[in-house]
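Okay, here's what each chain looks like letter by letter:
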Amino acid sequence: MEKAYALVTGASQGLGKAFVLELAKRNIHTILVSLPGEGLAYIASQVEALGLEAHCYETDLTQKENIVALAAWVNERFPLSILINNAGCGGTQSFSDVSVDYLDRIIQLNVKATSLLTHQLLPNLRKQKSAYVLNVGSVAAYSPIGYKTVYPASKAFVHSFTRGLYQEFADSNVFFSVVNPGPMMTNPDSSARLQQQGFFATMGLLSPEQVAAISIRQLFKRDTLIMLNWVNKLTWMVMKFLPIYIRLPMLTNAIKKEINRA
């Protein structure tokens, strides 16, 4: 039986790490990508302890030449069946207070890296009997939000980009899917911050492990827009049908209060 390889970006922690371990449970070999010095080797050792391959590649995906080099390295060595574009960044600050580098990093990582890496690995994916691309968006993709500005716009791009590719390659061997998680309990700090926001902020909250398990399961079921639970579905419905003149100030005021509490 031919080996199956999956590439996961942002694999060193949080949801990326959970994706790697979930894939390992399914006997899928992994290629782990993250910034240098983020402990990929330790996660790889957990995968290898299960008798599977785990290959580490450390690079900064905000740089075009690094993305191209990563793709060339993968294309030369591995028959790639799964690509998970998980790496991303964001933040909550006033637009006028942030630096150019802050804004540039969100755009380069969330938009450029997702687009270029998919493009460069697509010929490899198309050579396989069946292949999957999972892009990680966010519930922020469903609406613009003040004090986040560029982040929701970048995740709206990921959502639209994935849906377009799904239709374009509907008759091919490559299946495209997007998942839009809400807040996750990734560490004690994030958990404490979410608890402070009250019941509605923590309602239906999932761990990275739960998000990864549901996402991979639904990906293999060929679900192109993955809903994680009833809260995720409800959020999508509210964002889709609540008029923008109500939704935008409501969300922006909630974020403004979070900044003021910080």
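Residues numbered from 1 in each chain as written. Predicted model: local features only at pLDDT ≥ 70, side-chain atom pairs only at ≥ 80, totals over all residues. Heavy atoms only, no water.

(A) Main features of the pattern of salt bridges. Counted by the stated rule, this structure contains five salt bridges. Ionic pairing is found between D60 and R105, a salt bridge with its closest N-O pair at 3.8 Å. Separated by 45 residues along the polypeptide, D60 in the loop between β3 (54-58) and α3 (64-77) and R105 in helix α4 (residues 100-126) bring together distant segments of the chain. Judged by its relative accessible area of 24%, D60 falls in the partly exposed class. Taking relative accessible area as the criterion, R105 reaches 31% and is therefore assigned partly exposed. (Salt bridge = Lys/Arg side-chain N within 4 Å of Asp/Glu carboxyl O. Helix = DSSP H or I, 4+ residues; strand = E, 2+ residues; numbered from the N terminus. Buried < 20%, exposed > 50% of the residue type's maximum accessible area, 1.4 Å probe, protein only.)

(B) Structural context of unusual backbone geometry. A positive phi is found at Y147, a non-glycine position, where the angle reads about 75°. As for its position among the elements, Y147 is in the loop between β5 (131-136) and α5 (150-168). Take Y147: its relative accessible area is 25%, and that puts it in the partly exposed class. Even without being glycine, R222 reaches a positive phi, approximately 65°. You can see R222 is positioned in the loop between α8 (208-220) and β7 (225-226).

(C) View of the environment of L205. Tracing the sequence through the fold places L205 in the loop between α7 (199-202) and α8. Spatially, the C-alpha atoms of L205 and T224 are 22 Å apart, while their sequence positions differ by 19 residues.

(D) Geometry of the packing of aromatic side chains. By the definition in use, this model includes eight aromatic pairs. Considering the side-chain rings of F157 and F161, the 5.5 Å spacing of their centres and the 10° angle between planes classify their relative orientation as stacked. With F157 and F161 both in helix α5, this residue pair falls four residues apart, about one helical turn. Positioned over the ring face of F241 is K240, at 5.9 Å from the centre of the ring. (Phe/Tyr/Trp six-rings, centres within 6.5 Å; stacked < 30°, edge-to-face > 60°. Lys NZ or Arg CZ within 6 Å of the ring centre and 35° of its normal.)

(E) Up close: the packing of α3 against α4. Interaxial distance between α3 and α4 falls to 9 Å at its minimum, and their mutual angle equals 25°. The pairing of α3 with α4 is recorded here as roughly parallel in orientation. Once α3 is placed against α4, the crossing between them reads as right-handed. Here K64, I67, V68, L70, A71, V74 and N75 of α3 come into contact with α4, specifically with K112, A113, L116, L117, Q120, L121 and N124. Across the contact of α3 with α4, the residue classes tally to nine nonpolar, three polar and two charged. (Axes fitted to C-alpha atoms, helices over the stretch in contact; angles between N-to-C directions. Parallel < 35°, antiparallel > 145°, perpendicular 65-115°, else oblique. Left-handed = near helix turned anticlockwise from the far one by under 90°. Contact = heavy atoms within 4.5 Å. Nonpolar A, V, L, I, M, F, W, Y, C, P; charged D, E, K, R; others polar.)

(F) Up close: the sheet that holds strand β1 (residues 5-9). Strand order in this open sheet of seven strands is β3-β2-β1-β4-β5-β6-β7, and the pairing throughout is parallel. The sheet is open, and its two edges are formed by β3 and β7, each paired on a single side. Note: strand β6 (residues 174-179) against β7, two bridges, orientation parallel. When the bridges of β7 are listed, V179 appears paired with I226. (Pairing = 2+ DSSP bridges.)

(G) Main features of helix α9 (residues 230-241). With twelve residues, α9 extends 16 Å from end C-alpha to end C-alpha; this agrees with the ideal 16 Å at 1.5 Å per step. Taken together, the buried positions of α9 are occupied by V231, N232 and M239. Buried positions in α9, seen along its axis, are confined to an arc of 100° and lie on one side of it. Residues of α9 that are exposed and point over 90 degrees away from its buried face: W230 and F241. Where α9 is buried, its residues contact β7 and α10 (244-261). Its side-chain oxygen 3.2 Å from the backbone nitrogen of V231, N229 forms the N-cap of α9. (Expected span 1.5 Å × (residues − 1). Arc of directions from axis to C-beta. Polar contact = N/O pair within 3.5 Å; in protein donor to acceptor, adjacent residues only side chain to side chain.)

(H) Geometry of the side chain of T9. For T9, the location among the structural elements is in strand β1. Overall, T9 belongs to the buried group, its relative accessible area being 2%. A distance of 2.9 Å separates a polar side-chain atom of T9 from the backbone nitrogen of A87.

(I) Layout of the environment of K112. Relative to the helices and strands, K112 is located in helix α4. In this structure K112 comes out as partly exposed when scored by relative accessible area, which is 24%. Once residues within four sequence positions are removed from consideration, K112 is found in contact with T62, Q63, K64, I67 and I107. Looking at K112, its side chain comes within polar contact range of the main-chain oxygen of T62, at 3.1 Å.

(J) Up close: the pairing of strand β2 (residues 29-34). Of all six residues making up β2, six are buried, and the element is well covered by its neighbours. Two elements, β1 and β2, share five bridges in a ladder whose sense is parallel. Counterpart to V8 in the pairing with β2 is L32. What joins β1 to β2 is helix α1 (residues 14-25), and the crossover it makes is right-handed. Two strands pair when backbone bridges link them, and β2 and β3 are joined in this way by five bridges, in the parallel orientation. Across the sheet, residue T30 finds its bridge partner in β3, namely A54. Handedness of the β-α-β unit built from β2, helix α2 (residues 40-48) and β3 comes out right-handed. (Right-handed = clockwise from strand over helix to strand, strands pointing away.)

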